[in-house]
Amino acid sequence: MGLQQKVSVPVVSFLGPVSSYTHQTTLQCFDKTKYDYQPATTIADVFEAVQSGKADRGVVPFENSTNGAVIPTLELLADRNSLYPDIFVCADAYLDVQHYLLGPKAPQASKPSSPGISRTATPTSSIPSPVKPRSKPLTSIDHIKRIHTHPQAYGQCEVFLGAYLKGIERREESSTSKSAEIVKKDATGESAAIASSLAAEVHGLDILAECIEDREDNTTRFLVLRKGKPENQPRSEEHVPCKSLISFTIDHSKPGALADVLECFRQHKLNLTSINSRPTTAVRFQYIFFVEFEGSRLRDWDGQVESALTSLGNFTQSWRWLGSWDDKFQR
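A few points on the structure. These numbers were taken from a predicted model, which means no experiment stands behind them. (Residues numbered from 1 in each chain as written. Predicted model: local features only at pLDDT ≥ 70, side-chain atom pairs only at ≥ 80, totals over all residues. Heavy atoms only, no water.)

### Concerning the sheet that holds strand E9 (residues 191-195)
Whether parallel or antiparallel, the strands of a sheet pair through hydrogen bonds between backbone atoms.
Alright, step 1. With mixed pairing, the five strands of this open sheet are ordered in space as E8-E7-E9-E6-E10. This sheet does not close on itself; its edge strands, each paired only once, are strand E8 (169-172) and strand E10 (206-210). With strand direction ignored, the average angle separating the axes of adjacent strands in the sheet is 30°.
Alright, step 2. The pairing of strand E6 (residues 100-103) with E9 spans three bridges and is antiparallel. Bridge assignment links leucine 102 to a residue of E9, and that residue is alanine 193.
Alright, step 3. Docked against the sheet, helix H6 (residues 176-185) engages E6, strand E7 (146-149) and E9, running at close to 155° with respect to E9. (Pairing = 2+ DSSP bridges. Helix = DSSP H or I, 4+ residues; strand = E, 2+ residues; numbered from the N terminus. Axes fitted to C-alpha atoms, helices over the stretch in contact; angles between N-to-C directions. Contact = heavy atoms within 4.5 Å.)

### Some points on unusual backbone geometry
Alright, step 1. Going from glycine 16 to proline 17, the amide bond is cis rather than trans, its omega being 0°.
Alright, step 2. The topology assignment puts proline 17 in the loop between strand E1 (11-15) and helix H1 (21-29).
Alright, step 3. In the Ramachandran plot, aspartate 79 falls in the positive-phi region, its phi being about 45° despite a non-glycine side chain.
Alright, step 4. Among the residues examined, aspartate 79 registers a relative accessible area of 9% and is labelled buried.
Alright, step 5. A positive phi angle, close to 70°, is found at threonine 281, a residue other than glycine.
Alright, step 6. Taking the relative accessible area as the measure of exposure, threonine 281 reaches 62% and is therefore exposed. (Buried < 20%, exposed > 50% of the residue type's maximum accessible area, 1.4 Å probe, protein only.)

### Structural notes on the packing of aromatic side chains
Alright, step 1. According to the stated counting rule, one finds eight aromatic pairs in the structure shown.
Alright, step 2. Pairing phenylalanine 248 with phenylalanine 289 gives two aromatic rings, centres 5.6 Å apart and planes at 25°, and the pair type is stacked. Remark: phenylalanine 289 occurs in strand E14 (residues 287-294) and phenylalanine 248 occurs in strand E12 (residues 242-249); sequence separation between them is 41 residues.
Alright, step 3. Under the relative-accessibility criterion, phenylalanine 248 is labelled buried at 1%.
Alright, step 4. An angle of 45° between the planes, with centres 5.1 Å apart, marks the rings of phenylalanine 265 and phenylalanine 293 as tilted. Residue phenylalanine 265 is found in helix H8 (residues 257-267), and its partner phenylalanine 293 is found in strand E14; the two are separated by 28 residues along the sequence.
Alright, step 5. Since its relative accessible area comes to 0%, phenylalanine 265 is described here as buried.
Alright, step 6. Among the residues examined, phenylalanine 293 registers a relative accessible area of 0% and is labelled buried.
Alright, step 7. Across the ring face of tryptophan 321, the terminal group of arginine 297 is positioned such that the distance to the ring centre comes to 5.0 Å. (Phe/Tyr/Trp six-rings, centres within 6.5 Å; stacked < 30°, edge-to-face > 60°. Lys NZ or Arg CZ within 6 Å of the ring centre and 35° of its normal.)

### Looking at the pattern of salt bridges
Alright, step 1. The tally for this structure, following the rule as stated, stands at 17 salt bridges.
Alright, step 2. For glutamate 75, the salt bridge is made with arginine 80, and the minimal N-O distance between the two is 2.9 Å.
Alright, step 3. Accessibility expressed as a relative area gives 28% for arginine 80, which makes it partly exposed.
Alright, step 4. The shortest N-O distance in the salt bridge between arginine 221 and aspartate 92 comes to 3.2 Å. Within this pair, whereas arginine 221 is found in strand E11 (residues 219-227), its partner aspartate 92 is found in strand E5 (residues 87-96), the two being separated by 129 residues in sequence.
Alright, step 5. Using a relative accessible area of 2% as the deciding quantity, one classes aspartate 92 as buried.
Alright, step 6. If you follow the salt bridges from partner to partner, you end up with Glu63, Asp92, Arg221 and Glu292 in one network. (Salt bridge = Lys/Arg side-chain N within 4 Å of Asp/Glu carboxyl O.)

Just geometry here; none of it tells us what the structure is for.
Here it is, written out as structure tokens:
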């Protein structure tokens, strides 16, 4: 009998643990029968796995429709120390996010809690029409003294938290699923996590409240990372919506410097869809800018994108193309 050759299975690194929203997105993007899923503790670990070649792809959260950009991901894309020079974005994915309050039920749980002294949902002269939570607790949560979750999740659930858990200690964790893991191990029975219903199932936690996010259309966008520049796409007459992401720095002492950069895109009729920034850390109150726009450097048949990017050199101190991909957003 001949020796069977071991087949190498491509690895996908994602922000874990298992049951995180990033894990759910990874399941949506990659066939689990064809890829080896490897959960990472932090977003930085995902970047490192892809840059080192230990992972063929990486999946990280990028922004939320309610709470905006995921700062740790932007920090890593800023790459001030050139730790990830070969990382590019090759795809994005969207996940409808519903948050649940998870934890042990109160001993001899009584009727569901009502908004307490916070008066969040009580009209006042200064706030005559306050925003009301979309949901109510399913059981008493008066025993909860600590909440664990990812910082992004807090920003997506402020109305519910303000009404039912105002003043309760908040602890920030690396992911929502990690917070569920922590609550499961808490012997006091006084902590709760904001996480997914899958996390409740995986860790054996009770659902104390469901759909506690502020907006029904709460959605998180994730980026898929790869090592190395993607290849140009073959020419096609079919119109495929695409997006690209760049970062750049400017001379902050020059009036109109940022406007000059943005003008490059207007002149080449490229629509900007988002602008973000992070401190350079080299000079106080100077920034690295991130611009996302409609168009692809990989499907640039008429040279429109390349011309715009080439002109950036006239108005920036430095710039970097971070990738182009097919736009998956369903409008």
